[in-house]
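Structure at a glance
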Amino acid sequence: MSTEAADSKNLSEKKDFLVRSSSLKDVRSFSREVFEKFKINEDLREELVLAIAEAAQNIVKHAYKDYPDTQDRMAVRISCTDKELEISFFDKGKPVEKSKVKHRPIDDVKPGGLGTFFIQEIMDSIKFKEGDKPWINNLVLTKKL
């Protein structure tokens, strides 16, 4: 885990994880540690951890659907200024087809398929960007503090 801090109001931490469902526990732990260090409100902290876990799961499930045994890693960077939190995900999986990113209908009661809905409800903005080399995908989630 690397920490980059320009000053006390501009913090950034980044860590990479194997692209596997088994890594999600580590992604959640990393996120909680960072939010605690950044002194993010505890109620908001758990919502943010949920959004991060859902986004990471979507990378595993969709970007690497055809490569379950990959040794690729995804990077998660959490940055905080005094007014905004930015969470960036970087991966080398299948490029995101933005038009296909949507949650299933809310009234369709069954497990799964609502990760995108939760992310949209928790975060203020969701952007898909092309990743700078060597990354292919860069998902950026932001939340005003």
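Calculation notes
Residues numbered from 1 in each chain as written. Predicted model: local features only at pLDDT ≥ 70, side-chain atom pairs only at ≥ 80, totals over all residues. Heavy atoms only, no water. Helix = DSSP H or I, 4+ residues; strand = E, 2+ residues; numbered from the N terminus. Buried < 20%, exposed > 50% of the residue type's maximum accessible area, 1.4 Å probe, protein only. Contact = heavy atoms within 4.5 Å. Pairing = 2+ DSSP bridges. Core = buried A, V, L, I, M, F, W, Y, C linked by side-chain atoms within 4.5 Å.

Right, let's get into the overall build of the chain. Looking only at helices and strands, the chain features 3 helices and 6 strands. Its helices and strands taken in sequence order, the chain reads β-β-α-α-β-β-α-β-β from the N to the C terminus. Out of the 145 residues belonging to the chain, those deemed buried represent 39%. The long-range share in the chain, meaning contacts at least 24 apart out of those at least 6 apart in sequence, stands at 62%.

This part covers the pairing of strand E5 (residues 125-130). With 6 bridges joining them, E5 and strand E6 (residues 137-144) adopt antiparallel strand pairing. Opposite Ser125, over in E6, you have Thr142 as the bridge partner.

Of all the 8 residues making up E6, 7 are buried; the element is thus mostly covered by neighbouring parts of the structure. Of the strand pairs in this sheet, strand E4 (residues 84-91) and E6 are connected by 8 bridges, and their pairing is antiparallel. Bridging from a neighbouring strand, Ser88 pairs with Val140 of E6. Between E5 and E6, which pair antiparallel one after the other, the connecting turn spans 6 residues.

All right, on to the nonpolar core then. One recurring pattern in soluble globular proteins: nonpolar side chains tend to sit buried together. In terms of nonpolar packing, the biggest core is built from 33 residues, with Phe35, Leu48, Ile78, Leu85, Ile87 and Phe89 touching the most fellow members. Going through the elements one at a time, strand E2 (10-18), helix H1 (24-37), helix H2 (42-63), strand E3 (73-80), E4, helix H3 (115-122) and E6 are the ones with two or more residues in this core. Per-element accounting of this core gives the leading share, 10 residues, to H2. Beyond its immediate chain neighbours, meaning those up to four positions away, Leu85 contacts Phe35, Phe38, Ile40, Leu48, Ile78, Ser79, Cys80, Leu141, Thr142, Lys143 and Leu145.

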